[in-house]
Amino acid sequence: AQGRWYPYIYITEDSGLTWRRAWGKHHGMHNWISHPTERSWAVVSWWSGNCNADKVKKIEKSAEADEDAEEESKACVHRLMVTTDLGKNFLQLAEYVVQFSWGSTEAEQTNRVYFTAYRKKSGDQGKLSTWTNEVDFNHIDFFKSGRPKGNVVTDLKKGNKFLISGPYVLVARVKDEASQVVNLMVSKDGAKTFKAALLPSGMGELEEKWYTVLDTSEGAVILHINNDASGIKDTGRIFVSDAEGYKFSQSLVNNVRSAHGECEFDKVVSLTGVYLSNIVVPAVQSQDQGFDNSKSKAQDDMESEAAAGAELDTKHGRGGMLGKQMPKGSKEERTIRTVASFDKGGAWNYLKPPRVNSLGKTYDCSGKSAEECSLHLHGTTSWDFYAPFYSSETCVGIIMGTGNVGASLRFEPEETSTFLSRDGGLTWMEAHQGAFIYEFGDHGGIIVMADDLKMTSMVLFTWNEGQSWYDFKVSSVPFEVDNIITEPNVTATTFIMFGTRAGGEGVLYYLNFDALQFPACKGVWAADSVSSDYETWAPSDGSSAEPCMLGQQLTYTRRKRTSQCWNGEKFERPVRQKACACTQSDFMCDIGFTRSVGATECVFGGLEMMPQSMLPSACDGTFQVSAYRKVAGDSCENGWSPTPSDVPCPSKPMDTSNFKYIVGVLVVAGVLWMLRGYGGKGVPSFEMSAPKSMCADCSPMMVVQMPLLLLAWLYERFCVTNRGFDSNPGLKYGSVKGDDFDFDAGFDGDGGTSLTDFIAEADYDDTPKVYDGAAADRSSGHDRGGYVSAGLSEARSSVPKLAGGPGGGPPARGRRGRLH
């Protein structure tokens, strides 16, 4: 305004009818974060001072200009403010701020603000482009009235970046500024205490730019850590924590990720513990999922890629682009497969393919293994071309995705179809050949989709969860569909479909399926009876005798597939639950052990998979550890219980106190051997001889080897105490070194060593953002970053309306919906 470049935030309190500008004079408004529950509260940050003087235009000399000049003479500072009246007034909380957020509802800290800030409060504030000892992690609390309670509290010195996700507070804390090494610190008690994330020692010092928090919504932290140079390109390992959020064990290897950090790992949000993921299958498969093996496989893959001499095509954005350039057959040279877990990452299996396609033709999977023939779906990194797997909280058990049946995921359009599951991913059906964009409504009672690859004027829908599909025409002019959306809860029967015509004109259509004239469903409390429109359903992983998942049997009430009625926006789904007996599927591999896809047994991954702090200080032959631990949040009772496993002791360096005696003995032995070879004149003859009875036929090589054999015997006799159980029948196990992973003074930098070198070398110009999959809005899981071009105009004079079939019901099966 008036030559100044300051941005402003505008606020409406009447659904957009009127707007007012939040106060922000002389300040560049930067971020606005509303309070989780108080509608008029917000924390706001802005840059003040001479932060970008070259953008300030010359204005006429006035009192206001004098104020601007005075402001521009101050240092550039990022300030943190709070408002309790939607921007009419602000109170400063801190300055030289880097990052900030409200506390979580799960930790009952909604009236707390966490933030990181520079300790030194002078001069221009720079951008946090490298890890520094000068930034701390802090918080400040508020009374119910909105006034600050006390002073700022420093929770963790040298805490540079943080993430509030569910009950967890995750902070990247600098360990060594010079080498740019940081540790991940975890708190589950509202930042009162912190523990260092405990990961396998073989991970080494990791780079934060490859670290992604995938999910924290189910009482555990799920991490993706990029393989970097030690594994297959553009992949990473999935680690799942215990309930405390700090002790991580490996769940899955070679998970697909993009160069921007997007991971093909998604939660089925309508169910507990169900996840879908895409993995890269190495050229040479092995059951060994340890770090040493991954490095050798990475070298083999690099050689194969170099021999092929081909680079992957660069993806392009979809927003506003006409005529999508389709991926060629050579676009993705890697072998990618889709896997699913029904126990929060404890075990993974390939997706079962449907028996027939949408035209009734049988898939050629008979007699083939899961590796040779299963269902594979596109994930988020394919979003430029295909819609990823999608679920909604209010549509229990329903999942949709685009992909193919075969040995691996294909990228050719002619090989791609759209698939649907109504039992949480256990079984699938082909909904339609070709790739479509889709959306759910009425708690899953209606599904709407449109062609996702080419221009169209048709809309398809099903009211019986894919048992039959109907289509109708919305326009005489084809257009490219960008998306189909509905209200956030996915409970309405109205949708908005928007896209772009060939000339670049944006179009938007409003679809109202109330024209089907379905009645309201009845009998929700009499489910499974003949007179009820509802049935009960209990999800299962397919491996148990009874339908149990995560130690309990959850029974949901859902509309019968054949019931022609609407659930209604206010429908509340009854759920019953009971505990189940424990089975092996209720346990995941403990730290140091791994499971391959399709396996149930946990296999020791090698000592490099064990954190150094978990290895015993004294060990004879083997030591016992737990190979299994109950999945976080699993509530099974009694039943199967794991037993400890024996693993080999780590190799120990030679004891120098005994080694000096060995060297002395060898020297004496060598001198004696040399003296036996002296001639009568006292000149060495260089010819070794021995009494015939001792070594009459000894060769020179054998004579050289004899001291080495002596060395081996002496080393075993005096240095090696781990002589095994056979020679030590009274051997007892010593206690493993204390599991003391609590945050303590050792992390304050006075020569202290952290327990895990977790995140290291953030060497980008900008410290990378931490992606939080749990915080993402998955209710609109396929929103696109596109735009609708051209001005507002009427799509057509008369948009067709849906008409019900005879008797007010839906169109008869096999017929298309009539237009009028």
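Just so it is clear, the structure is predicted and the values come from calculations on it, not from any experiment. (Residues numbered from 1 in each chain as written. Predicted model: local features only at pLDDT ≥ 70, side-chain atom pairs only at ≥ 80, totals over all residues. Heavy atoms only, no water.)

(A) Fine view of the overall build of the chain. In terms of helices and strands, the chain carries 5 helices and 45 strands. Counting every position in the chain, which comprises 820 residues, the buried fraction comes to 49%. Taking contacts inside the chain between residues at least 6 apart in sequence as the whole, the part at least 24 apart equals 61%. Surface summary for the chain: the accessible area is close to 39300 Å², and the carbon and sulfur share equals 52%. (Helix = DSSP H or I, 4+ residues; strand = E, 2+ residues; numbered from the N terminus. Buried < 20%, exposed > 50% of the residue type's maximum accessible area, 1.4 Å probe, protein only. Contact = heavy atoms within 4.5 Å. Areas by Shrake-Rupley, 256 points an atom, 1.4 Å probe, with all protein chains shown as cover.)

(B) Looking closely at the sheet that holds strand 31 (residues 480-485). Taken in spatial order, the 3 strands of this open sheet run 31-32-33, and their pairing is antiparallel. Strands with a single pairing partner mark the edges of an open sheet, and in this sheet they are strand 31 and strand 33 (506-512). When the angles between neighbouring strand axes are averaged without regard to direction, this sheet yields 20°. Pairing between strand 31 and strand 32 (residues 494-500): 5 bridges, direction antiparallel. Note that in strand 32 the partner of Ile-485 across the bridge is Ile-496. (Pairing = 2+ DSSP bridges. Axes fitted to C-alpha atoms, helices over the stretch in contact; angles between N-to-C directions.)

(C) Representation of the sheet that holds strand 29 (residues 458-462) in the model. Here we have 4 strands laid out as an open sheet, ordered 27-28-29-30, and antiparallel in their pairing. The strands lining the two open edges of the sheet, one partner per strand, are strand 27 (436-441) and strand 30 (470-473). Between one strand axis and the next, the sheet turns by 25° as a mean value, whatever way the strands run. Two strands pair when backbone bridges link them, and strand 28 (residues 446-451) and strand 29 are joined in this way by 3 bridges, in the antiparallel orientation. Looking at strand 29, one finds that Met-449 is bridged to Leu-460.

(D) Structural view of unusual backbone geometry. Although it is not a glycine, Glu-108 sits at a positive phi angle of roughly 55°. Although it is not a glycine, Asn-638 adopts a positive phi angle of roughly 55°. Examined against the element boundaries, Asn-638 turns out to sit in strand 43 (residues 637-639). Residue Asn-638 is classed as exposed on the basis of its relative accessible area, which comes to 68%.

(E) The arrangement of the nonpolar core in detail. Ranked by internal contacts, the top residues of the largest apolar core, which has 38 residues, are Val-448, Met-497, Leu-511 and Phe-513. Within the second largest apolar cluster, 33 residues are counted, among which are Tyr-211, Ile-225, Val-625 and Val-647. (Core = buried A, V, L, I, M, F, W, Y, C linked by side-chain atoms within 4.5 Å.)

(F) Geometry of the side chain of His-376. Examined against the element boundaries, His-376 turns out to sit in strand 23 (residues 374-377). The class of His-376 is buried, set by a relative accessible area of 0%. Once residues within four sequence positions are removed from consideration, His-376 is found in contact with Ile-336, Arg-337, Thr-338, Thr-402, Gly-403, Asn-404, Gly-406, Ala-407, Ser-408 and Leu-409.

(G) Seen up close, the pattern of salt bridges. Enumeration over the complete set of coordinates arrives at 16 salt bridges. The salt bridge involving Glu-218 is made with Lys-267; its shortest N-O contact spans 2.0 Å. Note that Glu-218 is positioned in the loop between strand 15 (211-215) and strand 16 (222-226) and Lys-267 in strand 19 (residues 265-267), a separation of 49 residues in sequence. Per residue, the accessibility class of Glu-218 equals that of Lys-267, and both read buried. Glu-535 is the salt-bridge partner of Arg-558, the closest N and O atoms lying 3.1 Å from each other. With Arg-558 in strand 35 (residues 552-559) and Glu-535 in strand 34 (residues 534-537), this residue pair connects regions lying 23 residues apart in the sequence. One continuous salt-bridge network, built from bridges that share partners, spans Arg-422, Glu-465, Glu-535 and Arg-558. (Salt bridge = Lys/Arg side-chain N within 4 Å of Asp/Glu carboxyl O.)

(H) A look at the state of the cysteines. Scanning the entire structure with this criterion turns up 6 disulfides. A disulfide bridge connects Cys-365 with Cys-373, and the sulfur atoms are separated by 1.7 Å. The pair Cys-365 / Cys-373 is uniform in exposure class, with both members buried. (Disulfide = S-S within 2.5 Å.)

(I) A look at the confidence of the model for the chain. Overall, the predicted model of the chain reaches an average pLDDT of 76, with 67% of residues at or above 70. Under a pLDDT of 50 for its full length, residues 677-696 has, in the predicted model, 12 contacts with residues more than four places off or in other chains. Contacts for the low-pLDDT stretch residues 720-800, under 50 throughout, to residues beyond four places or in other chains number 193 contacts. (pLDDT = per-residue confidence, 0-100.)

(J) Examining the environment of Arg-20 more closely. As for its placement among the helices and strands, Arg-20 is situated in strand 2 (residues 20-21). Residues Arg-20 and Tyr-10, spaced 10 residues apart in sequence, show a C-alpha to C-alpha distance of 5.5 Å. In contact with Arg-20, not counting residues within four places along its chain, are Ile-9, Tyr-10, Ile-11, Glu-13, Asp-85, Leu-86, Gly-87 and Lys-88. Here Glu-13 takes part through its side chain, which lies 3.4 Å from a polar atom of the side chain of Arg-20. A distance of 2.8 Å separates a polar atom in the side chain of Arg-20 from the backbone oxygen of Leu-86. (Polar contact = N/O pair within 3.5 Å; in protein donor to acceptor, adjacent residues only side chain to side chain.)

(K) Region of the structure containing the environment of Ser-104. Tracing the backbone shows Ser-104 in the loop between strand 7 (97-102) and strand 8 (112-118). For the pair Ser-104 and Val-169, spaced 65 residues apart in the sequence, the C-alpha separation amounts to 9.2 Å. Contacts of Ser-104, omitting those with residues within four sequence positions, involve Gln-109, Thr-110, Ile-164, Gly-166 and Pro-167.

(L) Representation of the environment of Tyr-8 in the model. Counting through the fold element by element, Tyr-8 comes out in the segment before strand 1 (10-11). Owing to a relative accessible area of 18%, Tyr-8 belongs among the buried residues under this scheme. Along the backbone, Tyr-8 and Ala-22 are 14 residues apart, and their C-alpha atoms lie at a distance of 6.8 Å.

(M) Broad picture of the side chain of Arg-595. Within the secondary structure, Arg-595 sits in the loop between strand 39 (593-594) and strand 40 (603-604). Here Arg-595 occupies a buried position and makes no salt bridge, while the nearest side chain of opposite charge, Asp-343, is found at 4.8 Å. Of the polar contacts made by the side chain of Arg-595, one reaches the backbone oxygen of Gly-346; its length is 2.6 Å. (Lys, Arg positive; Asp, Glu negative; His and termini not counted.)

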